[in-house]
Amino acid sequence: MLRSDLIFLRPLEADDLEFLYALENDPAVWGVSDTLAPVSRHVLRQYLDSAAADLFEVRQLRLVIGEGATGAAVGTLDVFGFEPLHQRAGVGITILAEHRRHGYARAALELLLPYARQVLRLHQLYCTVAADNAASLQLFAAAGFREVGVRREWLRTAAGWQDAVELQRLL
């Protein structure tokens with residue numbers, strides 16, 4: 001388990017069903033998770049059954065962000081699109097609405113960066129952030145990610161199309 005004073009990162013467990021159900025069914029995050037409809041407990045239970053698969057097999061890793069003092073699950077950190085040959089992967093962070101703005105995402109990135117470099121042996125991480133998501137853009141910039149491009153009208157929202165900013169961090 002990866003740990004700081006504020007949070008810890010741990011693998012998904014069978015007990016995370018209700019937490020994942022709340023997180024995956026929050027319409028406020030559907031735009032960044034490419035979700036169009038609610039997810040059932042049955043589907044999430046199946047996902048949890050296979051979540052422990054090897055990173056090299058499934059090319060992704062989902063870790064729960066736990067609040068250090070209480071142990072409560074407050075969000076997830078996803079490493080996805082893992083490319084062993086090129087030693088790169090994408091990163092995404094989702095925090096439950098009531099736990100945002102407490103520094104959990106920043107702490108999760110601070111734990112991820114040395115783990116990605118030293119354990120996963122990655123050369124770089126990247127992320128895609130909606131151009132109007134100032135909080136996420138600030139978060140990743142503070143963690144040393146640099147803007148490498150903008151994809152025009154990349155994300156469809158209820159209000160129409162919006163740009164996505166591509167960021168990258170060389171490790």
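Just above sits the structure.
Keep in mind that what you see is a predicted model, and the values were worked out from it rather than measured. (Residues numbered from 1 in each chain as written. Predicted model: local features only at pLDDT ≥ 70, side-chain atom pairs only at ≥ 80, totals over all residues. Heavy atoms only, no water.)

**Q** Please give an account of the packing of helix 1 (residues 17-24) against helix 3 (residues 41-50) that cites residues and values.
**A** The geometry of a pair of packed helices is captured by two quantities: the angle between their axes and the separation between those axes. Here helix 1 crosses helix 3 at 120°, and the two axes come no closer than 10 Å. Taken as axis vectors, helix 1 and helix 3 run oblique relative to one another. Two packed elements cross with a definite hand, and for helix 1 against helix 3 that hand is right-handed. Of helix 3, the residues touching helix 1 (which contributes Leu17, Glu18, Leu20, Tyr21 and Glu24) are Arg41, Leu44, Arg45, Tyr47 and Leu48. The residue makeup of the contact of helix 1 with helix 3, split by class, is six nonpolar, no polar and four charged. (Axes fitted to C-alpha atoms, helices over the stretch in contact; angles between N-to-C directions. Helix = DSSP H or I, 4+ residues; strand = E, 2+ residues; numbered from the N terminus. Parallel < 35°, antiparallel > 145°, perpendicular 65-115°, else oblique. Left-handed = near helix turned anticlockwise from the far one by under 90°. Contact = heavy atoms within 4.5 Å. Nonpolar A, V, L, I, M, F, W, Y, C, P; charged D, E, K, R; others polar.)

**Q** If you had to explain the sheet that holds strand 1 (residues 2-3) to someone new, which residues and values would you point to?
**A** If you walk across this open sheet you meet the eight strands as 1-2-3-4-5-6-8-7, and the pairing is mixed. One side of each edge strand has no neighbouring strand; the edge strands of this open sheet are strand 1 and strand 7 (146-157). When strand 1 meets strand 2 (residues 7-11), the two strands line up antiparallel, connected through two bridges. Paired with Leu2 across the strands is Leu9, a residue of strand 2. Here helix 6 (residues 134-142) sits on the sheet and contacts strand 5 (88-95), strand 6 (124-130), strand 7 and strand 8 (160-170); the angle it forms with strand 6, its principal contact strand, is near 160°. (Pairing = 2+ DSSP bridges.)

**Q** I'd like to hear about the packing of aromatic side chains, residue by residue, with values.
**A** The full count for this structure, using the stated rule, is three aromatic pairs. With centroids separated by 5.1 Å and ring planes inclined at 85°, the aromatic side chains of Phe56 and Phe82 adopt a geometry described as edge-to-face. Separated by 26 residues along the polypeptide, Phe56 in helix 4 (residues 55-58) and Phe82 in strand 4 (residues 73-83) bring together distant segments of the chain. Since its relative accessible area comes to 3%, Phe82 is described here as buried. With 6.2 Å between their ring centres and 80° between their planes, Phe80 and Tyr126 make a pair best called edge-to-face. Placement of the pair is Phe80 in strand 4 and Tyr126 in strand 6, with a sequence separation of 46 residues. Cation over ring: Arg41 sits above Tyr21, and NZ or CZ is 3.7 Å from the ring centre. Here the guanidinium or amino end of Arg151 rests over the ring plane of Trp154, the centre of that ring lying 4.4 Å away. (Phe/Tyr/Trp six-rings, centres within 6.5 Å; stacked < 30°, edge-to-face > 60°. Buried < 20%, exposed > 50% of the residue type's maximum accessible area, 1.4 Å probe, protein only. Lys NZ or Arg CZ within 6 Å of the ring centre and 35° of its normal.)

The analysis is restricted to geometry; functional conclusions fall outside its scope.
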